[in-house]
Amino acid sequence: MTALHTPNADQPIPLDQPLPHRKTLREWLIPLSERSTARAFVLLAFDYALFFALITATVVLDAVWAKLLCGSVAGFVIGRLFVIGHDACHQSLTPHRELNKVLGRIAFLPSLTPYSLWDTGHNVVHHGYTNLKGVDFVWTPLTAEEFAGLGFMQRLLQRAYRSGWAPGLYYMIEIWWKREFFPNKTHMPTRRPIFFKDSLLVSVFGVLWIAAIAAAAVYTDQSVWISLLMGVLIPFFFWNTMIGFVVYVHHTHVKVSWHDNKAAWTKAAPFVSTTVHLTFPFNIGAMMHHIMEHTAHHVDMSIPLYRLKQAQAKLEDMLPGRIIVQPFSWKWYFETAKNCKLYDFGRECWTDFKGTMTSPVRGNLPPAAQA
């Protein structure tokens, strides 16, 4: 039996058997790929209503703590809207391609994410080459040699990024500012008119957002600067922190490997081996539109967000022991941040900033961890 053979569709694949071809894994999930236009509109309308209500509350409420709370929750709702736009960009939100493009752009507005630029960076680069150094640019670890060659300020910034305390700083600088918001030729060599138009679109939304909050502050005789802080900056930075955290934990774990060789990367079945299913108590995963059921998403991007939980369960039933399932705790998160500073591609392990190994060498992991 080889990885290209189709196993019995009803039987889990034992660890001593090769991983089925990705086409086979997708066949398991076909019944879950049905998309609903009506459901998409309901999700988008509900989250936009929440967003506008919370932003309004940052103006009309008197207590600073209440304004701060509403601004922070508004940032979380921006994250929910982003996940809806994420589905639209993957063409998994509705069955209609052009409608998905429109809804995706609408959903991305509060996060100030240019649709076409994110589509290129995420669909083409991240999903096409997940955890392949030199191509995938999201939370790509440096080697000890690369870190040592940085200037003082760059090393300081890398230490902050990898501390566990600054995922928002990382995303806002390294992803949004450099690669999404009017990126220069260094970070986006391809120049397309739609890139500029989408950047302009979110800029107009941002200006209108700022102007509306400022006008409301003047009308209600409040401080414009405090109103902008609570109604614009806090939501936007909370959103950046949320997405920076999410993409970090999706692909950073002591059992997750990175590759700098395409042949080895391909052999490792990266659509399974480079993703983490992070589980949460209190139904927090559902509140995040199931974006943490991430293995299923990487196996088949056509699965809509409202079916990801079922798809993830199916994969974990059919591939016992192969998928990294991590219960979330702050202890685990900060231990991961402590252990996953740099990556040694020769030894296939994570290291600290001095190059000292902090995770098992890939070849010495048990089969379940290597999958």
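Nothing here was measured: the structure is a model prediction, and the numbers come from that model.

Trainee: I'd like a rundown of the overall build of the chain, residues and numbers included.
Mentor: Helix and strand content of the chain: 17 helices and four strands. Whereas a compact globule of 371 residues would reach a radius of gyration of roughly 21 Å, the chain reaches 21 Å, a difference of no more than 12%. Structurally, the chain occupies a C-alpha span of about 70 × 50 × 45 Å along its principal axes. A burial count over the chain gives 51% of its 371 residues as buried. Put simply, 66% of the contacts in the chain that link residues at least 6 apart link residues at least 24 apart. On the chain, roughly 17,200 Å² of surface is accessible, and the fraction owed to carbon and sulfur atoms is 65%. Taken as two groups, the 33 positive and 25 negative side-chain charges of the chain have centres that lie 4 Å from each other.

Trainee: Help me get a handle on the packing of helix H3 (residues 64-89) against helix H5 (residues 115-126), residues and values and all.
Mentor: The N-to-C vectors of H3 and H5 enclose an angle of 70 degrees; their axes lie 11 Å apart at closest approach. What the angle tells us is that H3 and H5 run roughly perpendicular. Between H3, through Phe82, His86, Ala88 and Cys89, and H5, the contact on the second element is made entirely by Tyr115, Trp118, Asp119, His122 and Asn123. Each residue belonging to the contact of H3 with H5 can be placed in one class, and the counts come to five nonpolar, three polar and one charged.

Trainee: Break down unusual backbone geometry for me, citing the residues and quoting the values.
Mentor: Unlike most non-glycine residues, Asn283 shows phi in positive territory, near 60 degrees. Position of Asn283 among the secondary structure elements: in the loop between strand E1 (276-279) and helix H13 (284-287). In this structure, His290 takes a positive phi of about 60 degrees despite not being glycine. Within the fold, His290 resides in the loop between H13 and helix H14 (294-299).

Trainee: How would you sum up the pattern of salt bridges? Please name residues and give values.
Mentor: By the definition in use, this model includes six salt bridges. In this structure, Glu146 engages Lys133 in a salt bridge whose closest nitrogen and oxygen atoms are separated by 3.2 Å. With Glu146 in helix H6 (residues 144-148) and Lys133 in the loop between H5 and H6, this pair connects stretches of sequence that are 13 residues apart. You can call Glu146 partly exposed: its relative accessible area is 34%. Residues Lys178 and Glu174 are paired through a salt bridge, measuring 3.1 Å at the closest nitrogen-oxygen approach. Taken together, the residues span about one helical turn, with Lys178 and Glu174 both in helix H8 (residues 167-180) at a distance of four residues. Given the relative accessible area of 29%, Lys178 is considered partly exposed.

Trainee: Describe the nonpolar core, with residues and values.
Mentor: Phe51, Tyr171, Trp209, Phe245, Val249, Leu278 and Met292 are the most contacted members of the largest nonpolar core, which has 66 residues in total. Listing elements by their share of this core, those giving two or more residues are helix H2 (37-60), H3, helix H4 (97-108), H5, H8, helix H9 (193-219), helix H10 (224-251) and helix H16 (330-339). Sorting elements by how many residues they give to this core places H10 first, with 11 residues. Among residues more than four places away in sequence, those in contact with Met292 are Val246, Val249, His250, Val276, His277, Leu278 and Phe280. Judged by nonpolar contacts, the second largest core, of 18 residues, contains Leu19, Leu29, Val272 and Val299.

Trainee: Can you lay out helix H1 (residues 22-29) for me, pointing to particular residues and giving the numbers?
Mentor: For H1, every residue scored as buried is listed here: Thr24, Leu25, Trp28 and Leu29. Taken end-on, H1 shows its buried residues confined to a sector of 145 degrees, consistent with a single buried face. Buried residues belonging to H1 abut helix H12 (270-273), H14 and helix H15 (308-318).

Trainee: Requested: an account of the pairing of strand E2 (residues 324-327), with residues and values cited.
Mentor: Across the two faces of E2 the burial differs, with Ile324 and Gln326 buried and Val325 and Pro327 not buried at all. Across four bridges, E1 lies against E2 in parallel orientation. Each bridged residue has a counterpart across the sheet, and for Thr279 the counterpart in E2 is Pro327.

Trainee: Provide a residue-level description of the environment of Trp258, including the pertinent values.
Mentor: Looking at where Trp258 falls in the secondary structure, it is placed in the loop between H10 and helix H11 (262-267). On a C-alpha basis, the gap between Trp258 and Tyr343 in space is 7.6 Å, while along the polypeptide they are 85 residues apart. Leave out the neighbours within four places in its chain, and Trp258 touches Asn131, Leu132, Lys133, Asp136, Val138, Trp139, Thr140, Pro141, His251, Tyr343, Phe345 and Trp350.

Trainee: Describe in detail the environment of Leu61, supporting the description with residues and values.
Mentor: Assignment of secondary structure puts Leu61 in the loop between H2 and H3. Sequence-distant contacts of Leu61, defined by excluding residues within four places in its chain, comprise Ala66, Lys67 and Cys70.

Trainee: An account of the side chain of Thr275 is requested, with residue identities and associated values reported.
Mentor: Take Thr275: it is sitting in the loop between H12 and E1. Separated by 3.3 Å, the side chain of Thr275 and the backbone oxygen of Val272 make a polar contact. Within the structure, the side chain of Thr275 is placed 3.4 Å from the side chain of Thr295, a separation counted as a polar contact. Setting aside residues up to four positions removed in sequence, Thr275 forms contacts with His250, His251, His294, Thr295, His298 and Ile324.

Each value, and the rule that gives it
Residues numbered from 1 in each chain as written. Predicted model: local features only at pLDDT ≥ 70, side-chain atom pairs only at ≥ 80, totals over all residues. Heavy atoms only, no water. Helix = DSSP H or I, 4+ residues; strand = E, 2+ residues; numbered from the N terminus. Rg over C-alpha atoms; globule rule 2.2 N^0.38 Å. Buried < 20%, exposed > 50% of the residue type's maximum accessible area, 1.4 Å probe, protein only. Contact = heavy atoms within 4.5 Å. Areas by Shrake-Rupley, 256 points an atom, 1.4 Å probe, with all protein chains shown as cover. Lys, Arg positive; Asp, Glu negative; His and termini not counted. Charge placed at Lys NZ, Arg CZ, Asp CG, Glu CD. Axes fitted to C-alpha atoms, helices over the stretch in contact; angles between N-to-C directions. Parallel < 35°, antiparallel > 145°, perpendicular 65-115°, else oblique. Nonpolar A, V, L, I, M, F, W, Y, C, P; charged D, E, K, R; others polar. Salt bridge = Lys/Arg side-chain N within 4 Å of Asp/Glu carboxyl O. Core = buried A, V, L, I, M, F, W, Y, C linked by side-chain atoms within 4.5 Å. Arc of directions from axis to C-beta. Pairing = 2+ DSSP bridges. Polar contact = N/O pair within 3.5 Å; in protein donor to acceptor, adjacent residues only side chain to side chain.

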